[in-house]
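Structure assessment
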Amino acid sequence: MIVCSCNALTNHDIADAVSKGASRPREVYASKGCKAQCGNCVSGVVCTLRNLLRERQEASMAFQPVDHGNASAAFV
């Protein structure tokens, strides 16, 4: 889906930028070698960026081990 028609920036471009470490709109545009021009896309870029960052954070949390403290003490 086109998020920025001035720069032909797509949701896939934003996802690619996030995978390379982008966490701010400026970094997303820079990864494509462009800047916001008319500004109409900024809210869409921010929304897409937030969703992708949230998904990435949730995915990383799913793979972290859970600390249950000293579980063996409960069976003593």
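Residues numbered from 1 in each chain as written. Predicted model: local features only at pLDDT ≥ 70, side-chain atom pairs only at ≥ 80, totals over all residues. Heavy atoms only, no water.

Now for the nonpolar core. Counting residues in hydrophobic clusters, the biggest one holds 13 residues, and the most contacted among them are Leu9, Ile14, Val28, Tyr29, Cys41 and Val45. Put simply, the parts of the chain that give this core at least two residues each are strand S1 (2-4), helix H1 (11-19), helix H2 (25-31) and helix H3 (42-62). The element best represented in this core is H1, accounting for three residues. Ignoring anything within four residues of it in the chain, the contact list for Val45 reads Val3, Leu9, Ile14, Pro25, Val28 and Tyr29. (Core = buried A, V, L, I, M, F, W, Y, C linked by side-chain atoms within 4.5 Å. Buried < 20%, exposed > 50% of the residue type's maximum accessible area, 1.4 Å probe, protein only. Helix = DSSP H or I, 4+ residues; strand = E, 2+ residues; numbered from the N terminus. Contact = heavy atoms within 4.5 Å.)

Inspection of every chain in the model, using the stated rule, returns two salt bridges. The closest approach of N and O atoms between Asp13 and Lys32, which form a salt bridge, is 3.4 Å. You can see Asp13 sitting in helix H1 and its partner Lys32 sitting in the loop between H2 and H3, a full 19 residues away along the chain. What makes Lys32 partly exposed here is its relative accessible area of 37%. Its salt-bridge partner being Asp16, residue Lys20 comes within 3.1 Å of it at the nearest N-O pair. (Salt bridge = Lys/Arg side-chain N within 4 Å of Asp/Glu carboxyl O.)

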